[in-house]
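Analysis of the macromolecular model
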Amino acid sequence: MEIVFATHNQNKLIEVKQILPSSFKVLSLNDINCFDEIIEDSNTIEGNSMIKARYVFENYGKACFADDTGLFVNALNGEPGVYSARYAGQTKSAKANMSKLLDKLSGKADKTAYFKTVIAYKTADVERLFTGICKGQIIEKPKGEKGFGYDPIFVPENYTETFAELPPEAKNKISHRGLALKLFTTYLNDSL
Ligand code: IMP
């Protein structure tokens, strides 16, 4: 069965192809010639992931899944949340995003935070969400060179290293995205 992953990101596509059952042929947006601007105007990551999955299903007639991720900082009432990519502006600079977050968090005692990934799946018969959460702490200064986004300032629970210091395989095992993908994969396997 063909299934579209609503992304143009080739790295995400490669990772997902390795994980999903081989009986599913995973296509990217490029593969179905979808270069439309999909307006993600929900104020939740659940809403935005479903907007993408529904858009592809409704306009291209193919089963589709889409992911959306945010970092939620408890002392900032869940900021940056759905705005994680563009927290410090439309340039989507990871460095500027981290600086803004560290400024807003400075002086607050509670440094707890969590990443949440939601995968939305849409077919003719099914509309479902799969959620992965990874809890941790924000540290005061970025550490580590690996990963992307907020990885250098996020230390997952029960670890001393940031996500940017952990090898990718170690991060994938415990990450929000890894966990959401695991739930989705189990669901697909059970549906075969
Ligand atoms: P997306 O929904 O996967 O595009 O993620 C939205 C934004 O959340 C990204 O631009 C990053 O700023 C942040 N983000 C998502 N996943 C991660 C992660 O695993 N580590 C650090 N930051 C992340």
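Coordinates for the structure precede this section.
Residues numbered from 1 in each chain as written. Predicted model: local features only at pLDDT ≥ 70, side-chain atom pairs only at ≥ 80, totals over all residues. Heavy atoms only, no water.

Moving on: the packing of aromatic side chains. A complete count under the given rule lists 10 aromatic pairs for this structure. Considering the side-chain rings of phenylalanine 154 and phenylalanine 163, the 5.2 Å spacing of their centres and the 40° angle between planes classify their relative orientation as tilted. With a relative accessible area of 0%, phenylalanine 154 lands in the buried category. Against the face of phenylalanine 72 rests lysine 116, its NZ or CZ located 5.5 Å from the ring centre. For lysine 171, the ring lying beneath its charged end belongs to phenylalanine 163, and the centroid distance is 5.1 Å. (Phe/Tyr/Trp six-rings, centres within 6.5 Å; stacked < 30°, edge-to-face > 60°. Buried < 20%, exposed > 50% of the residue type's maximum accessible area, 1.4 Å probe, protein only. Lys NZ or Arg CZ within 6 Å of the ring centre and 35° of its normal.)

A separate point is the pattern of salt bridges. Side chains that differ in charge, positive against negative, can pair when their charged atoms come close. Scanning all chains against the criterion turns up 10 salt bridges. Among the salt bridges present, the one from glutamate 127 reaches arginine 54, with a minimum N-O distance of 2.9 Å. Taken together, the residues glutamate 127 in strand E6 (residues 127-138) and arginine 54 in helix H2 (residues 45-60) connect sequence positions 73 residues apart. The partly exposed category is assigned to glutamate 127, whose relative accessible area is 40%. One salt-bridge network, in which partners are shared between bridges, spans Glu40, Lys52 and Asp68. (Salt bridge = Lys/Arg side-chain N within 4 Å of Asp/Glu carboxyl O. Helix = DSSP H or I, 4+ residues; strand = E, 2+ residues; numbered from the N terminus.)

To continue, consider the side chain of lysine 116. Turning to its location among the elements, lysine 116 is positioned in strand E5 (residues 112-122). A polar atom in the side chain of lysine 116 sits 2.8 Å from the side chain of glutamate 46. Ignoring any residue separated from it by four or fewer positions in sequence, one finds lysine 116 in contact with Ile45, Glu46, Asp68, Thr69, Gly70, Phe72, Thr131, Gly132, Ile133 and His176. (Polar contact = N/O pair within 3.5 Å; in protein donor to acceptor, adjacent residues only side chain to side chain. Contact = heavy atoms within 4.5 Å.)

Now for the pairing of E5. Counting buried residues along E5, nine of its 11 residues qualify, which places the element largely inside the surrounding structure. Sheet topology note: the E5/E6 ladder contains 11 bridges and is antiparallel. When the sheet's bridge partners are listed, alanine 113 is paired in E6 with glycine 136. The turn joining E5 and E6, which pair antiparallel and follow one another in sequence, is formed by four residues. (Pairing = 2+ DSSP bridges.)

Let us look at empty space enclosed by the protein. A complete count under the given rule lists one cavity of 30 Å³ or more for this structure. Space inside the largest cavity adds up to approximately 80 Å³. The wall of the largest cavity is formed by Phe5, Lys12, Glu15, Val16, Phe65, Asp67, Thr117, Ile119, Arg177 and Leu181. Of all the secondary structure elements, the ones that give two or more residues to the lining of the largest cavity are helix H1 (10-19), strand E3 (64-73), E5 and helix H5 (176-190). (1 Å grid on protein atoms, 1.4 Å probe; cavity = no way out; pocket = protein on both sides within 12 Å on 5 of 7 lines; lining within 4 Å. Points joined across faces, edges and corners; volume = space filled by probe spheres on them.)

With respect to spatial proximity, 13 residues lie near the ligand, and among them Thr69, Asp151, Lys171, His176 and Arg177 are the closest. The contact in question runs from an oxygen atom of the ligand to an N or O atom on the side chain of aspartate 68, over 3.3 Å. In the model, an oxygen atom of the ligand is placed 2.8 Å from a nitrogen or oxygen of the arginine 177 side chain. Protein contacts shield 84% of the accessible area of the ligand, which totals 480 Å² for the unbound molecule. Applying the majority rule of atoms within 2 Å of the grid points places the ligand in the largest pocket. Of all the secondary structure elements, the ones that give two or more residues to the shell around the ligand are E3 and H5. Its residues assigned to classes, the shell around the ligand shows four nonpolar, four polar and five charged. (Near = heavy atom within 4 Å. Areas by Shrake-Rupley, 256 points an atom, 1.4 Å probe, with all protein chains shown as cover. Sits in = over half its atoms within 2 Å of the grid points. Nonpolar A, V, L, I, M, F, W, Y, C, P; charged D, E, K, R; others polar.)

As a further point, take the environment of tyrosine 55. Summarising the element assignment, tyrosine 55 is placed in helix H2. Among the residues examined, tyrosine 55 registers a relative accessible area of 24% and is labelled partly exposed. Sequence separation of tyrosine 55 and lysine 108 is 53 residues, and the distance between their C-alpha atoms is 40 Å. In contact with tyrosine 55, not counting residues within four places along its chain, are Cys34, Asp36, Ile38 and Tyr60.

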